[in-house]
Amino acid sequence: MTFLARWQQLLGIRPEEGRSVGLFFLHNFLLGIGTILVYVAANVILLENHPETSLPLAYAASALAMLGAGQVYAHYEHHLGLQKVAVRVLLAVVVLMAVIGVLVAFGESVAAAVAIMAGYRVIYLLTNLEFWGVSAVVFDVRQGRRLFGVISSGDMPAKALGAVLAVLVHHHAELLWLLLLAFGAYVGALLVVQATGRSHQVEVRSAARAVRPEAVATPLRRWLGSSRLVGTMCLSMLLLAAVTTGIEYIFFVNVKEQFHDQAQVMRYVGTVLALTYLVAMLLKLAVTGRALDRLGPRPVLLALPLVLLAGFALFGVRNELGQAGLLLYLCGLFLVQEVLRRAFFDPVFLVLFQPLPAAERLQAHTLAKGVYEPLGLGLGALLLLALPTNLGWQIGWMLVLIAGAALLLYRTYGHYLAELSHAVGRRFGEASLPESGPLTAASIPGALNRPAASEAEVAALVAALGNKASRAAATTQLLALGTTALPALCPLLESGAAEEPIMRRVAYICGQLPGAASHRALVQLARQPALTCREAALRALRYHPDSPTNAPVFRELLGQELRLARQLLHGQASAGTGPLYHALGYELKRLEQRLFGLLQQLYPPQPIRDAQRHVAQATRERQANALEILDNLIDRPTYQALQTLLEVGSPAAKAARFDRLLPGAPAAFARLPEAVAEHGETLFTDWTLSLALRQLPPARTHLALLQPHLASASLLVREAALAALQYWATTQPAAYQAALTETPDLADQLMHHAATAHISAADRVAVLQRTALFAATPPNVLSAIVPIMQEVELQADEQLFAQGDLGNSLFIVHEGQVGIFTGAHQLAAFGPGDFFGELALLDAEPRSATARALAPTLAFRLDQEDFYDVMEERPEVLRNILRVLCQRLRRQNEVGGK
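The notes below deal with the structure included here. Every chain is numbered on its own, with residues counted from 1 as its sequence reads. Under the rules for a predicted model, residues below a pLDDT of 70 receive no local features and side-chain atom pairs below 80 are neither given nor counted, while totals for whole chains, interfaces and linings still include all residues. Only hydrogens and water are set aside; all other atoms, that is, all heavy atoms of the structure, feed into the side-chain values.

This part takes up the side chain of Asn254. Only DSSP runs of H or I with at least four residues qualify as helices, and only runs of E with at least two residues qualify as strands; both kinds are numbered from the N terminus onward. Its location among the elements puts Asn254 in helix α10 (residues 228–258). Side-chain polar atoms of Asn254 contact the backbone oxygen of Ile250, separated by 2.6 Å. Pairs of residues are marked as contacts when any of their non-hydrogen atoms sit within 4.5 Å. Apart from residues no more than four positions distant in its own chain, Asn254 is found in contact with Leu326, Leu327 and Leu330. By the criterion applied in these results, polar contacts are pairs of N or O atoms within 3.5 Å in which, for protein atoms, one can donate a hydrogen and the other can accept it, and in which residues neighboring in sequence qualify only through two side-chain atoms.

See the structure below:
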């Protein structure tokens with residue numbers, strides 16, 4: 001690993017983010033150099049001209065100038081677009097630099113000093129709006145958490161350098177050289193922002209969202225934004241700006257009173273500023289991201305006002321410290337305020353706006369920085385001018401304002417969670433897309449007037465669930481019986497002894513009949529060792545209300561799943577990059593779905609469902625919002641484990657993180673094939689198990705692992721176990737013959753397999769993978785289709801189906817060729833790997849043409865009823881079919897449009 005890669009890993013920067021972070025860091029560094037040099041120039045002149053009165057006047061003038069500049073920026077941001085505005089802002093800053101240079105060269109009055117400070121504040125505002133506006137569009141909320149502290153630390157070394165220069169600069173002539181250097185820095189920043197625009201899509205794009213349930217009133221939206229999050233955050237920014245203005249004022253004024261010599265004043269102030277910026281930079285790089293990750297936004301957001309409250313409370317002990325102690329107190333107050341604001345508050349404040357749609361996000365940032373922060377600066381100036389200059393009065397009003405800011409920020413976090421829920425909620429609102437829920441008696445035909453059934457009738461209906469021809473009718477009749485059927489159904493779930501198709505149907509019925517008995521049975525089913533039972537139970541429990549009494553059970557199951565995830569990650573890390581590696585990846589995806597199902601039983605289910613939906617298949621921004629709401633909803637260890645599973649990374653790195661998160665030594669799959677064979681279909685799909693069985697090394701002790709799988713209900717697993725035996729017979733004939741002596745039926749099983757196999761189950765999976773309809777479907781899912789693939793052999797010119805026949809089957813050509821005809825006219829021809837009749841899987845309609853073999857043909861038929869069962873078990877199959885059908889429809893529309 002290179003030094004750069006190690007450095008990026010330490011800072012939490014992913015390889016694909018390196019260039020972006022580098023550009024933004026450099027951009028902020030150059031802006032920081034320019035801004036701090038103007039700040040030094042302004043303060044050198046102000047501290048020479050009665051700072052007791054000139055500073056409040058400068059603050060007031062700066063507030064008015066910033067308000068005007070913020071309104072101009074907001075106008076052009078809305079009309080020109082962010083990329084153009086970013087370039088023009090830096091051009092405007094270069095012009096302002098020329099104006100400030102003229103004022104420094106020829107103006108020595110208080111008015112000139114105030115104008116220079118106002119110019120500095122406008123430059124600071126415009127560069128801040130430009131930089132964070134671009135950042136807010138390029139990075140999502142999760143990246144913001146990790147990276148905003150890093151990219152915003154770029155200006156800290158620059159400002160530390162400027163503070164050092166403040167120690168050395170005492171004359172106006174020297175200030176002009178600083179301004180010239182600042183001019184060059186802003187030109188460099190202009191070049192960097194142009195490079196950023198070329199490598200990133202700096203564009204404001206927002207996906208459609210539902211109307212907010214608690215939106216800000218329309219007349220107030222211009223000043224408070226569309227979300228309550230923006231309003232409370234902006235008001236808290238106003239109060240914080242007033243407090244920070246007051247702290248800066250009392251620090252500068254008391255330094256001026258303590259050191260009458262201008263050189264000493266600048267030396268002291270410069271030293272404090274340099275120390276402040278260096279500490280803030282180190283904290284931003286090393287602590288901010290980790291603090292957000294471990295503590296969440298609320299504690300980090302409240303750190304600034306709470307620490308300042310504690311600092312103001314210490315004001316009472318100032319008399320015991322003397323004049324030198326008072327200066328030290330004020331210096332510490334200023335330093336702590338600056339460090340906390342720059343290292344923690346500013347990055348978190350920006351993260352809080354990330355769940356907003358892009359346009360609202362930029363409006364919110366412009367409101368906070370371009371309106372409310374200047375208003376806070378003006379409020380601070382007004383209070384400094386209007387109230388007595390006694391230090392006690394000044395600390396008093398700052399104490400009141402910071403308490404108000406703390407209360408607002410506490411409420412802001414609640415609005416942030418509401419905004420996250422809105423961001424991942426249903427796009428068109430719950431009213432138009434309701435969640436499916438349990439069936440009611442009124443929704444089932446005949447349920448209200450149906451007499452109670454006897455135990456024998458219920459038992460017959462349960463048995464009928466195992467027959468594909470009668471299971472739909474049996475399911476409807478059992479649902480019609482309602483809770484009277486539960487005494488016969490619940491024991492089946494609690495025992496876990498029913499066959500898998502029956503168990504899934506019974507779980508579905510119990511899910512549609514909420515009650516204490518059905519809930520207890522489903523919870524018991526979830527505790528069964530077989531994970532297919534757990535999956536069926538969790539799907540059914542979606543329709544039941546929460547039951548806090550079962551929380552310990554689901555906590556226990558959650559722990560089991562996390563320990564299994566650690567084992568799977570260790571196994572995947574040792575599997576290389578072959579088929580078994582990818583099969584274990586699918587097992588981890590199944591595990592993620594079970595984790596979400598368990599979380600729905602432990603936390604408010606709707607936010608969990610929304611987050612699950614967007615994590616799985618949404619845009620990057622919605623995925624990030626989904627992860628963020630999970631981070632703020634579920635407990636930290638579980639979230640960190642789930643985040644590890646969901647985010648991109650190597651299995652080895654993920655396994656190492658799981659080892660740190662979970663107590664105890666990992667029970668890793670050190671010998672992967674043996675471990676998978678040992679757990680079998682209890683923990684794994686038949687495809688994963690079949691791959692592991694084929695990789696079992698020949699050994700006499702492995703016969704005990706193979707024997708249970710020779711009688712598996714899965715053809716794929718039986719074939720893999722028999723193939724392992726055949727390989728053993730070839731490589732170690734003596735040991736194999738000894739095993740035959742002990743278990744003579746092994747030879748009969750091998751012969752039976754050779755006599756009955758035509759196209760193996762593994763080959764059928766390969767056939768499906770070569771078909772465009774299933775090419776994107778994982779083989780773990782395709783293995784569930786294998787049992788319903790029926791071979792169809794046709795001679796040349798033999799008819800497969802006729803026009804007008806009811807179509808309820810899909811066909812896949814394996815060998816030969818099939819033609820599609822209307823009368824004598826051939827419409828199309830399908831060869832090996834092609835499929836036709838896919839619409840019949842979803843909707844049985846009369847065939848629109850005749851299919852006839854053009855040569856000796858072997859095809860596979862998939863019937864609709866069987867396929868429905870597979871889709872019920874593996875929803876991924878339906879998603880892929882819909883994707884292919886949509887692609888075909890889109891192509892047809894494009895052809896028709898031409």
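What follows concerns the pairing of strand β10 (residues 857–863). Within β10, six of the seven residues are buried, which leaves it mostly tucked inside the rest of the structure. Relative to β10, strand β4 (residues 809–815) is paired through six bridges, and the arrangement is antiparallel. Opposite Ile812, over in β10, you have Phe860 as the bridge partner. Residue burial is assigned from relative accessible area. The probe radius is 1.4 Å, only protein chains are included, and a residue is buried under 20% of its type maximum, exposed over 50%, and partly exposed in between. Here a strand pair is declared whenever DSSP counts at least two bridges between the two strands.

Taken together, four strands build an open sheet; the order of strands is β2-β9-β5-β6 and the sheet is antiparallel. The two strands at the open ends of the sheet, each matched to only one other strand, are β2 (799–801) and β6 (825–830). Adjacent strand axes in the sheet meet at a mean angle of 30°, parallel and antiparallel pairs treated alike. Relative to strand β9 (residues 850–853), strand β5 (residues 818–822) is paired through four bridges, and the arrangement is antiparallel. Paired with Phe821 across the bridge in β9 is Thr850. Helix axes use the C-alpha atoms of the stretch in contact, all axes being lines fitted to C-alpha atoms, and the angles between their N-to-C directions lie in the range 0 to 180 degrees.

Next up on the list: the packing of α10 against helix α14 (residues 358–386). Look at α10 against α14: their axes get within 7 Å of each other, and the N-to-C directions meet at 40°. Considering their axes alone, α10 and α14 lie oblique with respect to each other. Viewed along their axes, α10 and α14 form a crossing whose handedness is right-handed. From α10, Val230, Cys234, Leu235, Met237, Leu238, Ala241, Ala242, Thr245 and Tyr249 reach across to α14, where they touch Ala364, Leu367, Ala368, Lys369, Tyr372, Glu373, Leu375, Gly376, Leu377, Leu379, Gly380 and Leu384. Of the residues assigned to the contact of α10 with α14, the class counts are 16 nonpolar, three polar and two charged. Oblique is the label for every angle not falling under 35 degrees (roughly parallel), over 145 degrees (roughly antiparallel), or within 65 to 115 degrees (roughly perpendicular). Helix crossings are classified by the rotation of the near helix relative to the far one: an anticlockwise turn of less than a right angle makes the crossing left-handed, while a clockwise turn makes it right-handed. We call Asp, Glu, Lys and Arg charged. Ala, Val, Leu, Ile, Met, Phe, Trp, Tyr, Cys and Pro are nonpolar, and the rest, Gly among them, are polar.

For Ser712, the location among the structural elements is in the loop between α31 (703–710) and α32 (715–731). Looking at Ser712, the relative accessible area reads 7%, which means it is buried. Among the polar contacts listed, one links the side chain of Ser712 to the side chain of Glu681, at a separation of 2.7 Å. Setting aside anything within four residues of it in sequence, one finds Ser712 in contact with Glu681, Val717 and Arg718.

Turning our eyes to something else, we now look at empty space enclosed by the protein. In this analysis a 1.4 Å probe is tested at points of a 1 Å grid over the protein atoms alone, and where it fits but cannot get out there is a cavity; an open set with protein on both sides within 12 Å along at least five of seven lines is a pocket; lining residues have an atom within 4 Å of a point. Grid points are joined across faces, edges and corners, and a volume is the space filled by probe spheres set on the points. Taken as a whole and judged by the stated rule, the model has six cavities of 30 Å³ or more. The set of elements that each furnish at least two residues to the lining of the largest cavity consists of α2 (18–46), α5 (110–138), α10, α11 (262–295), α13 (322–352) and α14. When its residues are assigned to classes, the lining of the largest cavity shows 14 nonpolar, four polar and eight charged.

The next thing to look at is the nonpolar core. Ranked by size, the top nonpolar core spans 251 residues in total, and within it Phe312, Leu478, Phe774, Ile785, Leu862 and Phe867 carry the most contacts. Among the elements that make up this core, the one with the highest residue count is α10 (17 residues). Here Ile785 is in contact with Leu768, Phe774, Leu862, Phe867, Val870 and Val877, once residues within four sequence places are set aside. The term nonpolar core refers to a set of buried residues drawn from Ala, Val, Leu, Ile, Met, Phe, Trp, Tyr and Cys, joined through side-chain atoms within 4.5 Å. Residues Leu794, Phe811, Phe830 and Phe836 belong to the second largest nonpolar core, which totals 13 residues.

To continue, consider unusual backbone geometry. Even without a glycine there, the phi angle at Asp797 is positive, about 70°. On the accessibility criterion, Asp797 (55% relative accessible area) is exposed.

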